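Topology and contacts: notes
Here is what each chain is made of, one letter per residue.
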Amino acid sequence: MTRLDTSSIDTRLVGRAVDRLDGPLKVTGGATYAYEHAGTGKTLVGVFATATIGRGEIARLDVSAANAMPGVRLVITHRNVIEQGSRDPDNPAFTTRARPILADTRIAHFGQPIALVIADTFEQARDAARAVKATYAAARGSYAYTSGNAVIEPKMANAGFPAASDRGDFDAGFAASAVRIDRTYETLPHSSQPLEPHATQAHWEDDTLYLTTSHQTLAYVQRSLRAALGLEPDKLVVSAPFVGGGFGSKLAVHADLMGAAIASRMVGVPVKVCLTRQQMFSLVGIRPWHRQRVRLGADAQGRLVAIGHEALLYSNEQDPYIEQTATVGRSLYAAPDRMTRHRITHLDLPGGEAVRAPGELPGLLALESAMDELAEALDIDPVELRLRNDTAVDPESGVPLTGRNLAQCLRTGAARFGWEQRPKRPRGRQEGQWLIGMGVASAIRTHFQAATTVEVAVTPQQRIEVRSDLTDIGTGSYTVLAQVAAEVLGVTLGEIDVRLAHSSLPQGGGSGGSWGAPNTAAALHAACVALLERTGVPPGQGFVRQAIAAYPDGMSARGALPAAAQVPDWREKSRHTYGAHFVELAVHRLTGEVKVRRMLGVFSAGRILNPKTARSQLLGGMTWGLSATLREAIEIDPRYGNAVNGDLAEYLLPVHADIPDIEVVMLDEPDLQANPVGVKGVGELGACGASAAFANALYNACGYRARSFPVHLASLVQALAES
């Protein structure tokens, strides 16, 4: 159990800006991450050797030099690796597939593992991995989409969304519209790159596997290893007490976990494996390349008649992932005639996976850029255009939208940002050599509900203990759960211990998809109410003392939240979170330098558990939006399939000098139709739509309409010169 020091914290409950309870542990080194975990006895280290071709076969693999190097205990290759099952591309959940490594001689993408060296130290394993020599029979690969690539239409996209939707007659409605926009946008792949690399320690005791790993959802590890190694849940113990970020990249099992598990089995002692920063560009899934076509048709007053959104993206056929990109507009704006489509093409690249705001970030970048283009064609203010197309009813399902505060977000943001000062035309405001512009975009994200169970107990030590296998990936889970328990039971935070992220604890939906906090908080609320009922003690400052007096051996109760599919009337309402982004930036008219001057986000995500931790999440998402528009992309060499910028020296991310003061406003209004406590997720909402606000501000500043992202300086400078 991780003991959090709450002795110096005043009683602050839900909705208060409580400092992270795990903060002191992190800044003093008391919070140990997976690779730092003190294992049992001597722990060996594993390092991967990886493929240097994009597609083909291993013709010859020479590990003799590696085997002869000091400290090397074992070199694992396709020749001696233990059985790990096989990938199941028919499993629609990328998070629970078996993910075997070193299974055969085939190379499916650049950087694929070809050997795992186990040695006494990291340095010995690293040097020996470099000594592994492979000869390949290279095959022609497909690393970039061309018109000749095969394209298919799947039935389903990620997260259970149908890949296609139709309502009304889009073709007829679009053709009859007074004003039409037909635009194509392209986004390059993204990499999650959390601060803590993917790492796992593993050891076996008889036929039971013990893992300490950097992972977002322990139940996914259990299901994946059941498929790969045949391990039943009672033969697998997983722990992840502290996870240094994930952004979706730690939802699925990757090579670090599989490598540690099989290596420990083969050498008979604990083994730890950590991916290098460079390996994370090829051994962890990435956000796929997208090409999106958005068609908007409106009447002369600016009311949308037709919305068409089609997304073409790559999906590795051996490990398919279909980002739900074209779903973003299904519940956003009213229009009678609607159509969305997803199409996929195979590329010989690492499989796509969830990256923060999957679907919404690239999807809203395209849709909200197109809305800005439509506003210009109609000569209507972009905020006003969005307000005219607001709706209280889901335009595709026809059911009410709960907590629909999009208009309030837009109006509040416009007033606070001084939107009335926005230049009406590009290049309408200039300060010396700098061209100044403003942009806006709407945000929306689906609210997910997964089956979640939480236990709360009064212990013989006269403490309240919250128990859940939920992970804290830097989001503040320890803190917000303590706040919920303290409020319901009427006790101080100093009386509460929070136990998280161990497979022996009650199972929840994990951290990801912005569902961790709301689902767990709702189940915890139910558990606390059940505990009050079981003990017969009223809430208040004397609760623990009175409960222990009645039950000296302690007492516990569980609370559960059903999965959405188990709620009979779930489909009778449409649940989302909302927001509005406002950006002001400056473009140097000669050099093309872009300086972001102001950012404002106004968000509606139900009850806010802790405005300090929520603000931190939203700030990160807004910064990610800037990165996707102006900085971030994996550049794939179309000849060989490698990432030419596969390290943080060349994979451009925003730094402090790129980010101004960011203002975040949260409309704290519980949505009790979402769950009994009215909480919805904020983790990814900040990244939804933010990218489009930057793109729209760029156009308003200098007249350059970006449709390929990130914006390249050469393209911007050329456009400035031409104008």
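Presented here is an overview of the structure given in this document. (Residues numbered from 1 in each chain as written. Predicted model: local features only at pLDDT ≥ 70, side-chain atom pairs only at ≥ 80, totals over all residues. Heavy atoms only, no water.)

1. Describing the packing of helix 13 (residues 611–630) against helix 14 (residues 690–702)
The relative placement of two packed helices is expressed as an angle between their axes plus a distance between the axes. So the rule is basically this: Lines fitted to C-alpha atoms define the axes, with helix axes restricted to the stretch in contact, and inter-axis angles between N-to-C directions lie between 0 and 180 degrees. Going along the chain from the N terminus, every DSSP run of H or I of four or more residues is numbered as a helix, and every run of E of two or more is numbered as a strand. Comment on the angle field: the value is read as roughly parallel under 35 degrees, roughly antiparallel over 145, roughly perpendicular from 65 to 115, and oblique elsewhere. Left-handed describes a crossing whose near helix is turned anticlockwise from the far helix through less than a right angle; right-handed describes the clockwise counterpart. Throughout, a residue-residue contact means that at least one pair of heavy atoms, one from each residue, lies within 4.5 Å. Asp, Glu, Lys and Arg are counted as charged, while Ala, Val, Leu, Ile, Met, Phe, Trp, Tyr, Cys and Pro are counted as nonpolar; the rest, among them Gly, fall into the polar class.
Between helix 13 and helix 14, whose axes approach to 7 Å, the crossing angle comes to 50°. Considered as vectors, helix 13 and helix 14 are oriented oblique to each other. Between helix 13 and helix 14 lies a crossing whose hand is right-handed. Taking contact as the criterion, the partners of M622, G625, L626, A628 and T629 in helix 13 are, on helix 14, A690, S691, F694 and A695. Looking at side-chain class alone, the contact of helix 13 with helix 14 contains six nonpolar, three polar and no charged residues.

2. Side note on the sheet that holds strand 7 (residues 165–167)
Going by this rule: Paired strands, as defined in this entry, are two strands with at least two bridges between them according to DSSP.
Reading across the sheet, the six strands line up as 7-15-14-13-8-26 and stay open at both edges, with mixed pairing between neighbours. Two strands in the sheet have a free side with no partner beyond their single neighbour: strand 7 and strand 26 (708–709). Bridging between strand 8 (residues 179–187) and strand 26 involves two bridges; their strand directions are parallel. Bridge pairing in strand 26 links T187 to F709. Across the sheet, helix 7 (residues 360–378) lies against strand 8, strand 13 (290–298), strand 14 (304–314) and strand 26, angled at about 145° from strand 8, the strand it touches most.

3. A closer look at the pairing of strand 1 (residues 44–50)
Heads up, the condition is: In this scheme, a residue with accessible area under 20% of its type's maximum is buried, one over 50% is exposed, and one in between is partly exposed, where area comes from a 1.4 Å probe on protein chains only.
Among the seven residues that make up strand 1, six are buried, leaving the element largely enclosed by the rest of the structure. Pairing geometry for strand 1 and strand 12 (residues 271–274), over three bridges, is parallel. From the neighbouring strand, V45 faces strand 12, where its bridge partner is K272. Relative to strand 5 (residues 113–119), strand 1 runs antiparallel, the two being bridged by six bridges. What sits directly across from T50, in strand 5, is P113.

4. Some remarks on the nonpolar core
Selection rule: We call a set of buried Ala, Val, Leu, Ile, Met, Phe, Trp, Tyr and Cys residues a nonpolar core when their side-chain atoms join them within 4.5 Å.
Formed by 86 residues in total, the largest nonpolar core has its most connected members in L296, L304, L374 and F582. With 10 residues, the single largest contributor to this core is helix 7. Other than its neighbours up to four places away in sequence, F582 contacts V383, C409, L410, G413, A414, F417, W419, G439, V440, R598, M599 and L600. If you look at the next biggest cluster of nonpolar residues, it comprises 85 residues, including L209, L225, A261 and L283.

5. Considerations on the environment of S397
Mapped onto the elements, S397 comes out in the loop between helix 8 (382–388) and strand 16 (401–402). Taking the C-alpha atoms as reference, S397 lies 34 Å from L347; in sequence the two are 50 residues apart.

6. A word on the packing of aromatic side chains
Spelled out, the test is: Under the pairing criterion, centres of Phe, Tyr and Trp rings, with the six-membered ring standing for Trp, must be within 6.5 Å; the plane angle then separates stacked pairs below 30 degrees from edge-to-face pairs above 60, leaving the rest tilted.
Enumeration over the complete set of coordinates arrives at 11 aromatic pairs. Relative to Y321, the ring of F94 has its centre 5.0 Å away and its plane inclined at 75°; by these criteria the two rings are edge-to-face. Of the two residues, F94 sits in the loop between strand 3 (72–76) and strand 4 (106–107) while Y321 sits in the loop between strand 14 and strand 15 (337–345), which places them 227 residues apart along the sequence. Relative accessible area serves as the criterion here: at 4%, F94 is assigned to the buried category. What makes Y321 buried here is its relative accessible area of 2%. Ring centres of F448 and W515 lie 5.8 Å apart, and the angle between their planes is 80°; on these two criteria the pair is classed as edge-to-face. Here F448 is found in the loop between strand 18 (434–446) and strand 19 (452–458), whereas its partner W515 is found in the loop between strand 21 (496–499) and helix 11 (516–535), with 67 residues between them in sequence.

7. Notes on the pairing of strand 5
Here is the key point about a regular strand: its side chains alternate between the two faces of the sheet. Counting buried positions over the seven residues of strand 5 gives seven, a clear majority of the element. Pairing of strand 3 with strand 5, which is carried by four bridges, proceeds in the antiparallel orientation. Following the sheet pairing, L74 is matched in strand 5 by I118.

8. Observations concerning the sheet that holds strand 12
Pairing is mixed in the open sheet, where seven strands are placed in the order 3-5-1-12-9-10-11. Two strands close off the open sheet at either side, each with one partner strand: strand 3 and strand 11 (236–239). Averaged over all adjacent pairs, the angle separating strand axes in this sheet is 20°, with direction ignored. Bridging between strand 10 (residues 208–213) and strand 11 involves four bridges; their strand directions are parallel. Bridge pairing links L211 to V238 in strand 11. The sheet strands contacting helix 5 (residues 218–229) are strand 9 (199–205), strand 10 and strand 11, and the helix crosses strand 11 at an angle near 145°. Packing of helix 6 (residues 255–267) onto the sheet brings it into contact with strand 1, strand 3, strand 5, strand 9, strand 10 and strand 12, and relative to strand 9 it is tilted by some 30°.

9. Details of the side chain of R705
Put simply, the rule is: Contacts described as polar in this section are N or O atom pairs within 3.5 Å, which, within protein, must combine one atom able to donate a hydrogen with one able to accept it, while residues neighboring in sequence count only if both atoms come from side chains.
Its location among the elements puts R705 in the loop between helix 14 and strand 26. A distance of 3.0 Å separates the side chain of R705 from the side chain of D372, its partner in a polar contact. Excluding anything up to four places from it in sequence, R705 contacts S369, D372, E373, E376, N696 and Y699.

10. Focus: the packing of helix 10 (residues 477–489) against helix 11
At a minimum axis separation of 9 Å, helix 10 and helix 11 run at an interaxial angle of 30°. Classified by the angle between their axes, helix 10 and helix 11 sit roughly parallel to one another. Of the two possible hands of crossing, helix 10 and helix 11 adopt the one that is right-handed. The segment helix 10 lies against helix 11, with L481, V484, A485, V488 and L489 engaging T520, A521, L524, H525, C528, V529, L531 and L532. Counted by class, the contact of helix 10 with helix 11 contains 11 nonpolar, two polar and no charged residues.

11. Things to note about the side chain of S224
Relative to the elements of secondary structure, S224 occurs in helix 5. Given a relative accessible area of 0%, S224 falls into the buried group. Ignoring any residue separated from it by four or fewer positions in sequence, one finds S224 in contact with T95, T96, R97, A98, R99 and V253.

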